[in-house]
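Results of the structural survey
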There are 2 protein chains.
Amino acid sequence: MMRVTFIWQEQSGDSWQQRQKQVTTTGDKTVLGLAREADVKIDATCGGRGRCGRCKVLICGPLNEVSESEKQLLAKEELAGGVRLACYARPKGDIQVEIPTSKTELVQILTEGTDQTVPVEPDITKRYLVVEKPQLETPAGDRERLLAALHKSGQPAGKIPVRVMTDLPEVLRRRDHKVTVTCWQDHIVAVESGDTTDELYGLAIDIGTTTVVGGLVDLRQGKELAVAARLNGQAAYGADVISRVEYASNGAAQLRRLQQAVVDTLNGIVADLEKKTGVSPGRISRVVLVGNTCMQHLALGISPTYIARSPYTPAFSQRIDVIAAQLRLDVHPEAVVTFLPNVAGFVGADTIGVVLATGLAKQSRRVVMIDIGTNGELVMSYEGKMVSCSTAAGPAFEGAQISSGMRAGEGAIEFVEIDQDMDSLVIGGTRPRGICGSGLIDLVAELLRVGIIDQTGRLQDAAEVDGLSPQLLDRIRPGEMGNEFVVAWADATADGQDIVLTQKDIRELQLAKGAIRAGTKILQKMLGIEDDDIDELLLAGAFGNYIRKESAMGMGLLPTIPLDRIRSVGNAARVGARLCLISQASLEEASRVASEIEYVELSGRPDFQEAFMDAMLFPPNTLSSQDSTEIDKKVPRDQAV
Amino acid sequence: MMRVTFIWQEQSGDSWQQRQKQVTTTGDKTVLGLAREADVKIDATCGGRGRCGRCKVLICGPLNEVSESEKQLLAKEELAGGVRLACYARPKGDIQVEIPTSKTELVQILTEGTDQTVPVEPDITKRYLVVEKPQLETPAGDRERLLAALHKSGQPAGKIPVRVMTDLPEVLRRRDHKVTVTCWQDHIVAVESGDTTDELYGLAIDIGTTTVVGGLVDLRQGKELAVAARLNGQAAYGADVISRVEYASNGAAQLRRLQQAVVDTLNGIVADLEKKTGVSPGRISRVVLVGNTCMQHLALGISPTYIARSPYTPAFSQRIDVIAAQLRLDVHPEAVVTFLPNVAGFVGADTIGVVLATGLAKQSRRVVMIDIGTNGELVMSYEGKMVSCSTAAGPAFEGAQISSGMRAGEGAIEFVEIDQDMDSLVIGGTRPRGICGSGLIDLVAELLRVGIIDQTGRLQDAAEVDGLSPQLLDRIRPGEMGNEFVVAWADATADGQDIVLTQKDIRELQLAKGAIRAGTKILQKMLGIEDDDIDELLLAGAFGNYIRKESAMGMGLLPTIPLDRIRSVGNAARVGARLCLISQASLEEASRVASEIEYVELSGRPDFQEAFMDAMLFPPNTLSSQDSTEIDKKVPRDQAV
């Protein structure tokens, strides 16, 4: 008969107490099996099938041989230290089983448009330790005794940064050598007096070229406690990626300035989050960050020059981990900040984030993801194979380089419908000041539908269009280069000037939509997917939330598919960052995805130019045959091609 | 018949060229054997006996099985990457053998008082790499292509810090993707354009409580190019270790101030070294540092509070590696700064340095090392066993707490002889201002010899001493507490005041010498060594250089042994740092020594107080029986005990 003694820690009030239970056995049972019989809890995500490697226990006493699976699932140091998997270990005599304290909880992460379920297992952990007190006879240092206690707790190795060493003697002695250690890999982020295992915070950030959004996440629950957004402080140095690359390429001082600008923005967000939650910055011990490749470079202060020059090479593509203090990021100075991997110079970590959040990598259906910004990032997935590309759409969809264009702020026309006359909605309900991206797409789609714009993009003369109301005819007038269309008359606008759409504006939009549509077509061609074959089309990014699907399809920006197959997934990039923050598995998946996505450099393909020329034309006006409920009553008109 | 093709790099002018040589073989020879036959050089320190693990080669083609020794000597990544040891690998078909470039050279490091020979194999290396250029089709980042080239060169893994990433794109492109990478373990210290393998500099530093000394070392040759010394800037916050600990314990701001003070001193030394050699600070890529345990804590900005309180626990005892930028040390910001391990709170890395420099750990003879300062650090070695202790000698030997005491600067009496009258030498040849440590020891030894001081340390009345000259009798006069001895008369001193030795001064010196002598006795007792058994006594530190051996022995500071067994080894601590700087093996030995030295906490031993009381007495005046040539003519006098 063999005695098996289980020992574990149990929380009682705000302290931990050691508990133990003894059972006897004669048979050839596993430690996990015996624990279950004895009602002693040992974590085993895989249900004891020897796959998850989570049922680690520290065993003293005679056991069966170490299995091959354990050799794979356990680190050498763990095996050497007596760690075994409870689902494999079988007692061969009296043994003592120490069960490490760990908390795992499954939560459902709801994202706008997608729901990925991941276990809450961040790559950062806290351990409560009782450190041996110093003695006159053994002059071992505080660090060495702490590391010994850490090792005993099952963490094989640890490096304590000098910054944490600074007050380690005081921290150890404040609560009688009882401390909580925050570990990331072998990096010790923090040592705190007493038991602080009940709090662990992280930050998930999406650095957009325009907007930076950060969410404070409770890493024990996996829940996002608050979100804050600020405009990217780099905007002062250029609105788009290319102009920032150019500025940064002027020299080291300029590069540093851009870095500082975005770090200031991030620190502002951290301050906002503190106001919302009361969690002070120093308590944030993990950060995961996504952004396009250029934003990632600039946030790290790394020269982005060659991203913008053929062959468009980033300084790094795989993930980067850096200490917060080095970025001057106002969280715990030893917090590890992870920049997710990039696919290429213009397909960045934000795209990886979207892929993770939407589960794109796991799709067996044919799914297309389009993220429209200054660059359109496209990912197409079919049976685990993923191809991606980036197309330089230009900032037209963001209202830039459009005569009356503006960002989606107060006074922007964001919605347009044409019947007898033009009807529109203005953000904030004020007098209009200009048109934003979604308004532009609506406007062009409607002008195409009623025949004021033809398939080549020409703004027709009033005389060329049949059956228009006098109000609409009135709006067409000659402009500098070709005709222009008056969107709002001076007497109704904020600044007393007509808001117009010029022929040049339409050409800009044709270039932008042509680039994105051509990119999609090249990817479709690579995977052999026709428009009809597309099972789902995901629109990512804030823009994807506001765009009217039927207008986007009407102007030929999207493949022609039933509208109900199109879904907006919102700020999925940051959701991806959050998944990586709370789940080590997601973080590892991010690297796998980045290496598996096939990147297609469009400028290197002879068929791209052709597809681009083709895609610049607007589609034949066949919308009436689509199952659009909103506009199917409107009769398309003949158009000169 | 099998073909074996050797490929290696050879330096030609300032570039490297690939060379190759092909041989054929039929037998079962090792790659190393074949290389030797072909006159192709492969490094093998152990002579091919499979022990040193240096004959690493990268082999493509069929080979014998990997041996157990190779599994031990090679990293997993190396084995997976096709690296084998040439002394074990045997071709089983046509193979190609790539030989990594490495430079090993033995130089003799001459130190004052000792000569240790170590191979110049620093733990930091430079590799010249030709990195693959980026291509439109493969979007791999600059970092990833650099790491691939590094991996191919035989370095299994590398982490490029963000600071090095900053201008990596420019560095790569400046010389057509040809770069030199400086590696320390997996930390990449620097990436430079072109081939810079012909220079590699390091810094060996000894932070003394009073003086900081740094040497610039050419890590390719192992030679010290220049040495610079400055007073420790912390002196403003207290002359000795304990007062600095007290100051630092006042709060974080005070601790930071002390750290900054010594870092400023170090940066001053770096600037001095630049003036002497023309080597700019940024070109220094490795630093090894010794100092007593407290100085090490303060230089790192780590709280030393508990070093000074029982049980005298340091915050760290094992070695610490830290990035220069984190210390704000003005060398290459990513240079690794190593603080050698400490033995205990009062036996620090400086002692480890002395042990390394003197080869103490390798001694089979009975050797005693005494480093006299405010604390006396003692190490005794016999047949590989080492014991150590520290005794709080107090600052008397540094001239502090002595009425006319002063540091060994201009105007200090440094040498005293008594015949008919007192004779002395003054540093700088000026009028005397006070007495320094070596002068004090001389003076007391001489006063003991002529009977003016008795064995209990009492300054006799003039009437009690027989046979003194009138001049000497004149110098004895009543003072505040007991008698005093006039060392120099007011009319001959710099400030027109008598320079005297008081009864209290003698008590201070008795306490100091008693502490050191008692420490030595306890260690002797532990190893069972009588005075006669001591084969060699090493006096370390600057003080050991200036002290007169016969006086030190005469006053009972040292064990009574023949004078020719006593040797001054000068600043051996810094020599130890230099050994570690140029030899990885020495660095590893430092850690081994630190863990092997048995530390004896004297305050925990009941026999110490007794030994201390005993050792405070001066020895019976038996010097005439010693083989001292200088003073053997002087007749000892009877003394009241």
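Here the residue numbering is sequential within each chain, running from 1 through the sequence in written order. Key to labels: chains lettered from A, ligands numbered from 1, both in the order written. For this predicted model, a pLDDT threshold of at least 70 governs which residues receive local features, and a threshold of 80 or more governs which side-chain atom pairs are given and counted, while totals over whole chains, interfaces and linings are taken from all residues.

This part is about the overall build of chain A. Each helix and strand in chain A was counted, giving 19 helices and 28 strands. Judged by the C-alpha coordinates and their principal axes, chain A covers about 100 × 50 × 45 Å. The buried share of chain A, reckoned over its 641 residues, is 50%. By the convention adopted here, residues make contact when the C-beta atoms placed from their backbones lie within 7 Å. Across chain A, the fraction of contacts at a sequence separation of at least 24, relative to all contacts at a separation of at least 6, is 67%. Helix and strand definitions here come from DSSP, where helices need a minimum of 4 consecutive H or I residues and strands a minimum of 2 consecutive E residues; each element is numbered from the N-terminal end. Three exposure classes are used, all based on how many other C-beta atoms lie within 10 Å of a residue's own C-beta (placed from the backbone): buried at 20 or more, exposed at 12 or fewer, and partly exposed between those limits.

Moving on, we get to the sheet that holds strand β14 (residues 284–291) of chain B. All names here are of chain B. Following DSSP output, two strands are said to pair if at least two bridges run between them. If you trace the 6 strands from one edge of the open sheet to the other, you get β13-β12-β11-β14-β16-β15, paired in mixed fashion. Only two strands of the sheet have a single neighbouring strand rather than two, namely β13 (223–231) and β15 (320–323). Along the sheet, successive strands turn relative to each other by an average axial angle of 20 degrees, direction set aside. The pairing of strand β11 (residues 201–207) with β14 spans 7 bridges and is parallel. Of the residues in β14, the one forming a bridge with Tyr201 is Ile284. To obtain each axis, a line is fitted to C-alpha atoms, and for helices this fit is confined to the stretch in contact; angles are then taken between N-to-C directions over 0 to 180 degrees. Of the strands in this sheet, β11, β14, β15 and β16 (336–339) touch helix α9 (residues 293–300), which is tilted by about 140 degrees from β14.

Residues and elements named next belong to chain B. Across the 8 residues that make up α9, a large majority, 8, are buried. By the burial criterion, the buried members of α9 are Thr293, Cys294, Met295, Gln296, His297, Leu298, Ala299 and Leu300. One or two residues past the end of α9 sits Gly301, with phi positive at roughly 75 degrees.

Looking now at helix α18 (residues 584–596) of chain B. All names here are of chain B. Here α18 spans 18 Å end to end across 13 residues, near enough to the 18 Å set by a 1.5 Å rise per residue. Here α18 has its buried residues at Ser586, Leu587, Glu589, Ala590, Val593 and Ala594. The buried residues of α18 occupy an angular sector of 155 degrees when projected down its axis, which confines them to one face. For α18, exposure combined with an orientation more than 90 degrees from the buried face picks out Arg592 and Ser595. A helix is expected to span 1.5 Å for every residue after the first. Arc definition: it is the arc formed by the directions from the helix axis to the C-beta atoms.

Our next topic: the domain arrangement of chain A. Residue ranges for the domains trace back to a domain assignment, done automatically or taken from a database. Taken domain by domain, chain A consists of domain 1 (2–99), domain 2 (123–193), domain 3 (221–350) and domain 4 (396–509). Look at where the C-alpha atoms of domain 1 of chain A and domain 4 of chain A centre, and you get two points 71 Å apart.

All names here are of chain B. Here 3 strands make up an open sheet; going across it, the order is β8-β9-β10 and the pairing antiparallel. Whereas interior strands pair on both sides, the edge strands pair on one side only; in this sheet they are β8 (124–130) and β10 (187–193). For this sheet the average axis-to-axis angle between neighbouring strands, irrespective of direction, equals 25 degrees. As judged from the 6 bridges shared by strand β9 (residues 178–184) and β10, these two strands associate in the antiparallel manner. Bridge assignment links Thr180 to a residue of β10, and that residue is Glu192. With respect to the sheet, helix α4 (residues 142–152) is in contact with β8, β9 and β10, its orientation differing from that of β8 by roughly 110 degrees.

This next bit is on the relation of the copies chain A and chain B. Here the copies are superposed with least squares, the fitted atoms being C-alpha atoms of residues at a pLDDT of at least 70 in both. Laying chain A over chain B is done by rotating through 180 degrees and shifting 0.1 Å along the axis; what remains is an RMSD of 0.3 Å. With respect to symmetry, the two chain copies, as superposed, fit the operation of a two-fold axis. No C-alpha of chain A approaches the rotation axis more nearly than that of Gln326 of chain A, which lies at 4.7 Å. Most of the interface of chain A is mirrored in chain B, where 100% of its interface residues again form contacts.

In this section: the pairing of strand β25 (residues 499–502) of chain B. All names here are of chain B. Covered by surrounding structure in β25 are Ile499 and Leu501 only, the residues Val500 and Thr502 on the alternate face being uncovered. Of the pairings in the sheet, the one linking strand β24 (residues 483–488) to β25 comprises 4 bridges and is antiparallel in character. Following the sheet pairing, Ala488 is matched in β25 by Ile499.

To continue, consider the packing of helix α11 (residues 349–358) of chain A against helix α17 (residues 572–582) of chain A. Residues and elements named next belong to chain A. Two elements in contact, α11 and α17, have axes whose closest approach is 7 Å; the angle formed by their N-to-C orientations is 75 degrees. As the angle between them shows, α11 and α17 are arranged roughly perpendicular. Packed against α11, whose contacting residues are Asp350, Ile352, Gly353, Val354, Leu356, Ala357 and Thr358, the element α17 presents Ala572, Ala573, Arg574, Val575, Gly576, Ala577, Leu579 and Cys580 at the interface. Residue classes in the contact of α11 with α17 are distributed as 10 nonpolar, 3 polar and 2 charged. Our angle categories are set so that under 35 degrees counts as roughly parallel, over 145 as roughly antiparallel, 65 to 115 as roughly perpendicular, and the remainder as oblique. Only Asp, Glu, Lys and Arg are considered charged in this grouping, and only Ala, Val, Leu, Ile, Met, Phe, Trp, Tyr, Cys and Pro are considered nonpolar; every other residue, Gly among them, is considered polar.

By the element assignment, Asp195 of chain B lies in the loop between β10 and β11. With 223 residues separating them along the chain, Asp195 of chain B and Ile418 of chain B place their C-alpha atoms 65 Å apart.

Looking now at unusual backbone geometry. Between Ser310 of chain A and the following residue, Pro311 of chain A, the backbone shows a cis peptide bond with an omega angle of 0 degrees. Locating Pro311 of chain A in the fold gives a position in the loop between α9 (293–300) and β15 (320–323). Positioned with a positive phi, Asp176 of chain B is a non-glycine residue whose angle comes to about 60 degrees. Of note in this structure, Arg328 of chain B is not a glycine but carries a positive phi near 60 degrees. Position of Arg328 of chain B relative to the elements: it lies in the loop between α10 (324–327) and β16. Its 14 C-beta neighbours within 10 Å are what place Arg328 of chain B among the partly exposed residues.

Throughout this description, the term nonpolar core refers to a group of buried Ala, Val, Leu, Ile, Met, Phe, Trp, Tyr and Cys residues whose C-beta atoms join them within 7 Å. In terms of nonpolar packing, the biggest core is built from 339 residues, with Val444 of chain A together with Val287 and Val444 of chain B touching the most fellow members. When sequence neighbours within four positions are dropped, the list of residues in contact with Val444 of chain A reads Ile453, Ile506, Leu509 and Met555 of chain A.

If you look at the interface, chain A gives 39 residues, while chain B gives 39 residues. Class assignment for the residues of the side of chain A that touches chain B results in 19 nonpolar, 13 polar and 7 charged.

Residues and elements named next belong to chain B. Along the chain, the position of Ala239 falls in the loop between β13 and α7 (241–248). The class for Ala239 is partly exposed, based on 18 C-beta atoms found within 10 Å. With residues near it in sequence (within four places) discarded, Ala239 still touches Pro395 and Ala400.

Residue and element names in this part refer to chain A. It is at 10 Å that the axes of α11 and helix α18 (residues 584–596) come closest, and there the two elements cross at 120 degrees. Classified by the angle between their axes, α11 and α18 sit oblique to one another. Here α11 and α18 pass one another in a crossing that is right-handed. Along its contact with α11, which presents Ile352, Val355 and Leu356, the element α18 presents Ser586, Glu589, Ala590, Val593 and Ala594. Of the residues that constitute the contact of α11 with α18, the class distribution is 6 nonpolar, 1 polar and 1 charged. Handedness of a helix crossing follows the sense of rotation of the near helix relative to the far helix, less than a right angle counterclockwise being left-handed and clockwise being right-handed.

Residue and element names in this part refer to chain A. Here chain A shows a mean pLDDT of 87. Residues at 70 or above account for 92%. Predictor confidence is given residue by residue as pLDDT, running from a minimum of 0 to a maximum of 100. Strand β16 (residues 336–339) holds the highest mean pLDDT among the elements of chain A, 98, whereas strand β6 (residues 105–111) holds the lowest, 32. Every residue in residues 102–115 is under pLDDT 50, and counting partners more than four places away or in other chains gives 41 contacts. Every residue in residues 623–641 is under pLDDT 50, and counting partners more than four places away or in other chains gives 27 contacts. Interface confidence for the predicted complex, expressed as ipTM, amounts to 0.77; the pTM equals 0.77.

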